Amino acid sequence: MNINLTLIGQSLAFVVFVWFCMKFVWPPIVTALNDRKTKIADGLAAAEEGQQAKAKAQEHAEQVTSEAKEQAQEIIRRAEKRETEMVEEAKGNARTEGDRILTTARGEIDKEANMAREALRAQVAALAVTGASKILSREVDAEAHAKMLDELIAEL
Amino acid sequence: MASSEALTTTGYIKHHLQNLTFGQHPDGTWGIAHGAAEAKAMGFWAIHLDTMFWSVLLGALFIWVFRRAAVKASAGVPSGLLNFVEWVVEFVDDNVRGSFSHKNDLVAPLALTLFVWVLLMNTMDLVPVDWLPELAKLMGIEYMKVVPTTDPNATFGMALGVFVLTVFYSIKVKGIGGFTAELTMQPFAAKNPILKILFLPANFFLEFVSLVSKPVSLSLRLFGNLFAGEMIFILIALLFSGGAVLFIAGGVLQWAWAVFHILIVLLQAFIFMTLTIVYLEMAHSHH
């Protein structure tokens, strides 16, 4: 337990260890710790930002979806409207077409009837002439009486 | 060992308290001292080989482990050794930040070195007192004191380093004038120049004592605690030669004292570090 040269030796060892620690141990570790601190802080900030961006994106997506839904609704509504319109149009077309056909048919019928009537009149006239000639028992000059006969036919 | 017939109880204790001293014998030859008297006769120019060996070994262990961690240190995810080292570094850094308010790149590494180094040296105390000396005896080494902090040379050596730094920074921060004024102009302060001169001797005496008492108390506190702890381990070890009952009692006592001693080992290292920081803080601040 004497105080001797060991004291100096210990002091030297102390100086060397402290110097080494100061030069080669402390700075890299503390630098790494500080770097990590900033890295973690940055990471947390980035996460926060990401969360915010996500929320924004969600909001945007919701907006887009609702817009799309609205649009779809609108399209459906328009389609339905167009459908009824088309049906109405078709109905109208069919009606006019029917009317047209009906009118044509009616014209045709009238024409036919008229033709039949004319034919009948002719025949009746012929019959009447024949009848009259028979009744009169004498020859009637058909040509001479044609004017009278025509008037008769027109009266029928 | 106490069981060997050649050694009495006193001899056993004395043997355990004897450093492996290398120096010049009074007759002019160089060699290892056999016994306390021879070591004393060697005077100042002798060296404790065991203290030097263990303290440098443990200091190198600290440097090696922490350097390995420092090489691996990155901003990425830490693991294993790096985690542990970072924990220690942050603990020391917190303490330095708490007590030291100036800008000095030396203080934190100094505190870290002192804390870990002293802790490692103290921890040698927990190795059963006979193991390493017996091993050394097998290797032909007569004396082996394995706890460097039970050698006042080791604690004084470190405290001396701290003291030199304290004085250096006192002068660097406050100038020679400021440092001298601090030593001579307080605690008895006066405006009158004559009174100032009158107070000077008393002031200087008080301040000088308080200045010198810092390294002395710093080293003696550590030395005293560890020496006492070691002494008790040695006394407990004596029980092992006293029959079965004492053997068991000794075992239990040694275990209990070792558990309690962990606290002292850690606490003394922490106190040494904290006081170093405080002394350097005082050196940096103006009174």
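Above: the structure in question.
All values reported here derive from a predicted model rather than from experimental measurement. (Residues numbered from 1 in each chain as written. Chains lettered and ligands numbered in written order. Predicted model: local features only at pLDDT ≥ 70, side-chain atom pairs only at ≥ 80, totals over all residues. Heavy atoms only, no water.)

Let's shift gears to helix H1 (residues 6-136) of chain A. Here H1(A) is 131 residues long and its end C-alpha atoms lie 184 Å apart, about the 195 Å a rise of 1.5 Å per residue gives. Maximum bend of H1(A): about 40 degrees, positioned at A:Cys21. (Helix = DSSP H or I, 4+ residues; strand = E, 2+ residues; numbered from the N terminus. Expected span 1.5 Å × (residues − 1). Bend = angle between axes of the 7 residues up to and from the residue.)

This paragraph deals with the packing of helix H4 (residues 81-99) of chain B against helix H9 (residues 243-284) of chain B. When two helices pack together, their arrangement is given by the angle between their axes and by how far apart the axes lie. Residue and element names in this part refer to chain B. Remark: H4 packs on H9, axes separated minimally by 9 Å, with the N-to-C direction vectors making an angle of 35 degrees. Considering how the two elements wind past one another, H4 and H9 form a crossing that is right-handed. For the pair formed by H4 and H9, the contact residues are Phe91, Val92, Asn95, Val96 and Ser99 on the first element and Phe270, Met273, Ile277 and Glu281 on the second. Class assignment for the residues of the contact of H4 with H9 results in 6 nonpolar, 2 polar and 1 charged. (Axes fitted to C-alpha atoms, helices over the stretch in contact; angles between N-to-C directions. Left-handed = near helix turned anticlockwise from the far one by under 90°. Contact = heavy atoms within 4.5 Å. Nonpolar A, V, L, I, M, F, W, Y, C, P; charged D, E, K, R; others polar.)

Time to look at the sheet that holds strand S1 (residues 21-24) of chain B. Residues and elements named next belong to chain B. What the 3 strands build is an open sheet, ordered S2-S1-S3; its pairing is antiparallel. Two strands lie at the open edges of the sheet, namely strand S2 (30-32) and strand S3 (46-48), each paired on one side alone. In this sheet, neighbouring strand axes are inclined to one another by 15 degrees on average, regardless of whether the strands run parallel or antiparallel. As defined by bridge partners, S1 adjoins S2 across 3 bridges and the pair is classed as antiparallel. Bridged to Phe22 within S2 is Ile32. (Pairing = 2+ DSSP bridges.)

All names here are of chain B. Scanning all chains against the criterion turns up 4 cavities of 30 Å³ or more. If you add up the space inside the largest cavity, you get close to 70 Å³. Taken together, His16, Met124, Asp125, Val127, Pro128, Val129, Pro133, Met144, Lys145, Val146, Val147 and Glu230 make up the full set of residues lining the largest cavity. Looking at the lining of the largest cavity residue by residue, the classes come out as 8 nonpolar, 1 polar and 3 charged. (1 Å grid on protein atoms, 1.4 Å probe; cavity = no way out; pocket = protein on both sides within 12 Å on 5 of 7 lines; lining within 4 Å. Points joined across faces, edges and corners; volume = space filled by probe spheres on them.)

Counting residues at the interface gives 29 residues for chain A, matched by 54 residues for chain B. At the junction of chain A with chain B, the criterion picks out 1 salt bridge. For B:Glu86, the salt bridge identified is with A:Arg36, shortest N-O distance 2.7 Å. At the boundary of chain A and chain B, one finds 12 residue pairs in polar contact (both at pLDDT 80 or more). (Salt bridge = Lys/Arg side-chain N within 4 Å of Asp/Glu carboxyl O. Polar contact = N/O pair within 3.5 Å; in protein donor to acceptor, adjacent residues only side chain to side chain.)

Attention now moves to the packing of aromatic side chains. Within the structure shown, the criterion is met by 16 aromatic pairs over all chains. Between B:Phe91 and B:Phe270, the aromatic rings sit 5.8 Å apart at their centres with planes inclined by 35 degrees, giving tilted as the arrangement. Highlighted residues: B:Phe91 in helix H4 and B:Phe270 in helix H9, separated in sequence by 179 residues. Taking relative accessible area as the criterion, B:Phe270 reaches 28% and is therefore assigned partly exposed. Taken together, the ring pairs in this structure connect A:Trp19, A:Phe20 and A:Phe24 into an aromatic cluster. For B:Arg68, the ring lying beneath its charged end belongs to B:Trp64, and the centroid distance is 5.2 Å. (Phe/Tyr/Trp six-rings, centres within 6.5 Å; stacked < 30°, edge-to-face > 60°. Buried < 20%, exposed > 50% of the residue type's maximum accessible area, 1.4 Å probe, protein only. Lys NZ or Arg CZ within 6 Å of the ring centre and 35° of its normal.)

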